[in-house]
Amino acid sequence: MIRKKILLLGDFSVGKTSLIRRYVDNSFDDSYLTTIGVKISQKRLELEGISCELLIWDIEGATPTRSIPHSYFKGASGAIFVCDVNRSETIESLNEHINTFLMLNHEAKHVIAYNKADLLSTPQKEELFLPANAFLTSAKLDSNVERLFTTLAKEVLL
Amino acid sequence: MSIVYCLRRNILQSSTSEFEQLQQLLLGSELDHLKRLEEQLKRVEFRTKDEREIIQMVMPLLDRMLQERLQNPEDAVVKVLSTHLSALIAQASQTNPAKLSLALQSTIAPAISKEIANNKEKMIDALYPVMGGMVSKYVSEAIREFVESVNEKIEDGLSFNRYKRKVKAKLSGVSESELLLYESRESLISSLLIIHKESGLLIAEAHLQDKALEDSHIVASMATAIKDFINDWIQKSQKQGEVQILSYGDATLYIESAGSVYLIAFLDAVPDQELRSHINSFFGTLLMEYMEIFQGFEGDSSSEEIATLTTKMEAYLNLQEGAEGHTSPAHHSNPMKWIAVLLGIVGLGYGGYLGKVAYFEYQLAQKIEQGTGYQVAVTCSSDRVILEGRIDRFEALSPIEKIVQHATPKPIENQLTMPLAKVQERFAWQERRMDGLSIAVAKRQKRLIEGYEERTKQMAQELEGIQKQLHKLQKYLKATTMSQHDTLSRLNQLNHEREAIERVATMRREIVSALKQAFGQSPLLNSKEGSVDFAKVNLFMPDSDQINDALKPILQESFERYLFVLLNDPTLRSYIQGIVIEGHTDSSGGEQYNLELSQKRAESVRTYLLSQERIKALHAEGLIRAVGLGSRDIVEVNGVEDKEASRRIKIKFEIKSNKIVENIEKIIDD
């Protein structure tokens, strides 16, 4: 069994925890998220005949009064960066999250989740331009969540 | 009080003397009493207006009343007082808390005691949230400190149990550390996890039977995150240290960090120092053996090495658990061995020195075992330390020798044995390595030599170029130096010439000045050029070179005066190059004719003058020469030739400046 550490990063209230809830098999108590700024969840999956397991670290966004230890970022094989597609400031801060992550994990892979797509109208969706490694997701409607995680898992494992 | 007041009014209204007499007769002493009463009444009236005095007067009365009421409580009184009691207590706690607590102590303490006795469970439940944590914390801390203190003393001292354990270990063949693990059953290790430090991924895990952790991988990651979180806080607080103990409910996590991994031991109590040291020692042996696996871990825990690692960790845990159900190693030992032990103890008492050496050997063997996991017999002779035992890897040799070298400066005699297969394998490996090294060295050597040769060639070429350049520079320098020297020389020459010119110029001026003085206002002297010009005297007839006889005395006298000025003063004479007698014609004849005529005229004059005795006496013949200039320098008056004036001679001096001029011209040409 191959296991990999995956991070879930993004601003406050972009829906990281909802994405995790929708996807994973098992996780620690949510109360730890507010205590130490991280919640760890587990997901087993099989990719092209290979059994593997993702240990997903849902890391709370840093605030002016609270910083997140950089050691959380270390040793990660991949990361999912999440933003709220309806809040431009969360999209703008994606680069900062990505740079911080890649600085500590040079060879790691990443994908981007433009979350809360259920709040967009159809014309808005049509006008949206997404990068190649990005997915329009909705934890509420379970849209693209599985695909998001599986894509990153393939990048990391295969 | 109202009766007294009426009497007072009546007395005041009866003011006549008869009436007063009658009063005195009827009332007598009562009247005096009445006056005293009146005075008292006045005082009372004054007091009733002072509120504080009234309160002071009334309070003792009220206190007495209250005490009487409380001693015989009535529902009504209690009801009234209870509404004000809390306010009164609050007020008293601020004004005089000591007195209040003293007053309440006697009442509350017995009441609590009684309540606890009657409702023990309820009281504990109520108090535990407040007191439980605090009590638990202080009790745990006190016990931990006590245990650590005792352990330290045991470690440092020579306790019987320690020696017993050592002897036991010797006899049973079970290591002392394992025996210690048997004895430390108070802190039971239920699980061991080895976690990759950076990623928090679980590398290996081992659990006691029925104690397996659910979701051990999440637990490993979570423990890593918690440890990182706390360590981050510690670092930000600029404090030293690292988290080693985490407690959660009944579980205690002992975390030891080294290299690229954590080891986490799950215990049911906080481990004492001895157990921690033991766990660390075990962790150390794993680190040495599996360091490469740990460092290169990328999430795949299915390798064969990790399976053996897991087996070792399980064996370690089961050894601990086995103490519960199995007989201890002491039980396996033969009673005869205990007799031998006693004999041994007697022997130790007999030979102190031998005992000391043996103790050192034993300590060293223990250190080796704790540090490397190998049981090695150590024998100290007078000049060396002999190591005997069996190891299974060559890599173990270096740490063993390091431990011995740290303990004693004596040289080591290594009699450690190793499986033949391992030795052969090692030799084969060494051989391969040597071959590989030889090839690599040869390649490297060749590359270096080639590199050096190439570099030498380049350097030789560069050197040649530099030498050429240097040669050119030397030549240039030489040329420049010569040129400079030449320039300086010429410059000096020029300076000399300049000085000579200046002297000549000065001298010319002096000669002309002397001539002016000698000739005075004579019209014959051309004061501008310092010559004597016979243009005004008609010295020659046309086409003739015969000197007009009438003018010969003037000619002679003028020439003598001229010569005297030039030749009499030695300074002036030293500058005189020569004296020129120029012959001139008018423009009537042809040029050649005129030249010849002028030459004849000049010669005629020279001959005449040199024939004169006074001129001869000056010995100036060599200086005087005659030159014919033809008609090139005719005399014109208002643009018309004065032919008489043109037929003339002119006497001039030449100064030694010609050579100087030639030199200057040459320098300018160069």
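For the structure, check the block above.
Here we summarise the structure given alongside this text.

So, how was this worked out
Residues numbered from 1 in each chain as written. Chains lettered and ligands numbered in written order. Predicted model: local features only at pLDDT ≥ 70, side-chain atom pairs only at ≥ 80, totals over all residues. Heavy atoms only, no water. Helix = DSSP H or I, 4+ residues; strand = E, 2+ residues; numbered from the N terminus. Contact = heavy atoms within 4.5 Å. Buried area = accessible area lost by both parts, 1.4 Å probe. Salt bridge = Lys/Arg side-chain N within 4 Å of Asp/Glu carboxyl O. Polar contact = N/O pair within 3.5 Å; in protein donor to acceptor, adjacent residues only side chain to side chain. Nonpolar A, V, L, I, M, F, W, Y, C, P; charged D, E, K, R; others polar. Axes fitted to C-alpha atoms, helices over the stretch in contact; angles between N-to-C directions. Parallel < 35°, antiparallel > 145°, perpendicular 65-115°, else oblique. Pairing = 2+ DSSP bridges. Expected span 1.5 Å × (residues − 1). Buried < 20%, exposed > 50% of the residue type's maximum accessible area, 1.4 Å probe, protein only. Phe/Tyr/Trp six-rings, centres within 6.5 Å; stacked < 30°, edge-to-face > 60°. Lys NZ or Arg CZ within 6 Å of the ring centre and 35° of its normal.

**Some thoughts on the overall build of chain A**
Next up, step 1: Each helix and strand counted, chain A has 6 helices and 7 strands in total.
Next up, step 2: Reading chain A from its N end, one meets helices and strands in the order β-α-β-α-β-β-β-α-α-β-α-β-α.
Next up, step 3: A fraction of 60% describes how many contacts in chain A between residues 6 or more apart in sequence connect residues 24 or more apart.

**Focus on the interface of chain B and chain A**
Next up, step 1: Every contact between the two is made by 22 residues of chain B and, on the other side, 25 residues of chain A.
Next up, step 2: Of the roughly 2000 Å² buried between chain B and chain A on both sides combined, carbon and sulfur atoms contribute 62%.
Next up, step 3: Three residues, Ile218(B), Met222(B) and Phe229(B), lead the burial of chain B against chain A; their summed loss comes to 29% of the area buried on that side.
Next up, step 4: Our enumeration of links across chain B and chain A arrives at 0 salt bridges.
Next up, step 5: Viewed at the interface, chain A and chain B are joined by 6 residue pairs in polar contact (both at pLDDT 80 or more).
Next up, step 6: The biggest single contributor to the side of chain B that touches chain A is helix H10 (residues 216–236) of chain B, with 12 residues.
Next up, step 7: Along the lines of polarity and charge, the residues of the side of chain B that touches chain A split into 8 nonpolar, 7 polar and 7 charged.

**Considering the packing of helix H1 (residues 16–23) of chain A against helix H6 (residues 145–157) of chain A**
All names here are of chain A.
Next up, step 1: Running from N to C, H1 and H6 point in directions that differ by 90 degrees, and their axes come no closer than 10 Å. Our classification of the angle between H1 and H6 gives roughly perpendicular. Listed contacts from H6 to Leu 19, Arg 22 and Tyr 23 of H1 are Val 145, Glu 146, Leu 148, Phe 149 and Thr 150.
Next up, step 2: Residue composition of the contact of H1 with H6, grouped by class: 5 nonpolar, 1 polar and 2 charged.

**Some details on the sheet that holds strand S10 (residues 531–533) of chain B**
Residue and element names in this part refer to chain B.
Next up, step 1: With respect to topology, 5 strands assemble into an open sheet ordered S9-S10-S15-S11-S12, the strand pairing being mixed. Because the sheet does not close on itself, it has two edges, and the strands there are strand S9 (525–526) and strand S12 (624–628).
Next up, step 2: The pairing of strand S11 (residues 576–583) with S12 spans 5 bridges and is parallel. Following the sheet pairing, Ile 579 is matched in S12 by Ile 624.

**Notes on helix H20 (residues 591–610) of chain B**
Residues and elements named next belong to chain B.
Next up, step 1: If you check H20, its first and last C-alpha atoms are 28 Å apart, about what 20 residues at 1.5 Å a residue would give, namely 28 Å.
Next up, step 2: Within the sequence span of H20, burial applies to Asn 594, Leu 597, Ser 598, Arg 601, Ala 602, Val 605, Tyr 608, Leu 609 and Leu 610.
Next up, step 3: Of the surrounding secondary structure, the elements contacted by the buried residues of H20 are helix H18 (552–568), S11, helix H21 (613–616), S12 and strand S15 (649–655).

**Focus on the packing of aromatic side chains**
Next up, step 1: Scanning the model with the defined rule gives 6 aromatic pairs over all chains in all.
Next up, step 2: Summarising the aromatic geometry, the rings of Phe519(B) and Tyr562(B) are spaced 6.4 Å apart at their centres and angled 65 degrees between planes, so their arrangement reads as edge-to-face. Remark: Tyr562(B) occurs in helix H18 and Phe519(B) occurs in helix H17 (residues 420–519); sequence separation between them is 43 residues.
Next up, step 3: Geometry around Trp57(A) places Lys5(A) over its ring, the cationic atom sitting 3.8 Å from the centre.
Next up, step 4: The ring of Tyr23(A) has Lys43(A) sitting right over it, with the charged end atom 4.6 Å from the ring centre.

**A word on the pattern of salt bridges**
Where charged atoms of side chains with opposite charge meet at close range, the side chains can pair.
Residue and element names in this part refer to chain B.
Next up, step 1: Across all of its chains, the model carries 20 salt bridges over all chains by this definition.
Next up, step 2: Among the ionic pairs, Lys 616 bridges to Glu 613, the shortest N-O distance being 3.6 Å. Of this pair, Lys 616 and Glu 613 both sit in helix H21, separated by 3 residues, roughly a single helical turn.
Next up, step 3: What makes Lys 616 partly exposed here is its relative accessible area of 42%.
Next up, step 4: Given a relative accessible area of 57%, Glu 613 falls into the exposed group.
Next up, step 5: A network of salt bridges, in which partner residues are shared, links Glu 529, Asp 533, Asp 633, Arg 648 and Lys 650.

**Considering the sheet that holds strand S7 (residues 385–390) of chain B**
Residue and element names in this part refer to chain B.
Next up, step 1: Read across the sheet, 3 strands follow the order S6-S7-S8 without closing on themselves; strand pairing throughout is mixed. Edge positions in the sheet fall to strand S6 (376–380) and strand S8 (412–417), since each of these pairs with one other strand and no more. For this sheet the average axis-to-axis angle between neighbouring strands, irrespective of direction, equals 15 degrees.
Next up, step 2: Two strands pair when backbone bridges link them, and S6 and S7 are joined in this way by 5 bridges, in the antiparallel orientation. In the strand pairing of S7, Val 376 is matched with Gly 389.
Next up, step 3: Its contacts with the sheet put helix H16 (residues 397–407) on S6, S7 and S8, and the angle it makes with S8 is roughly 145 degrees.

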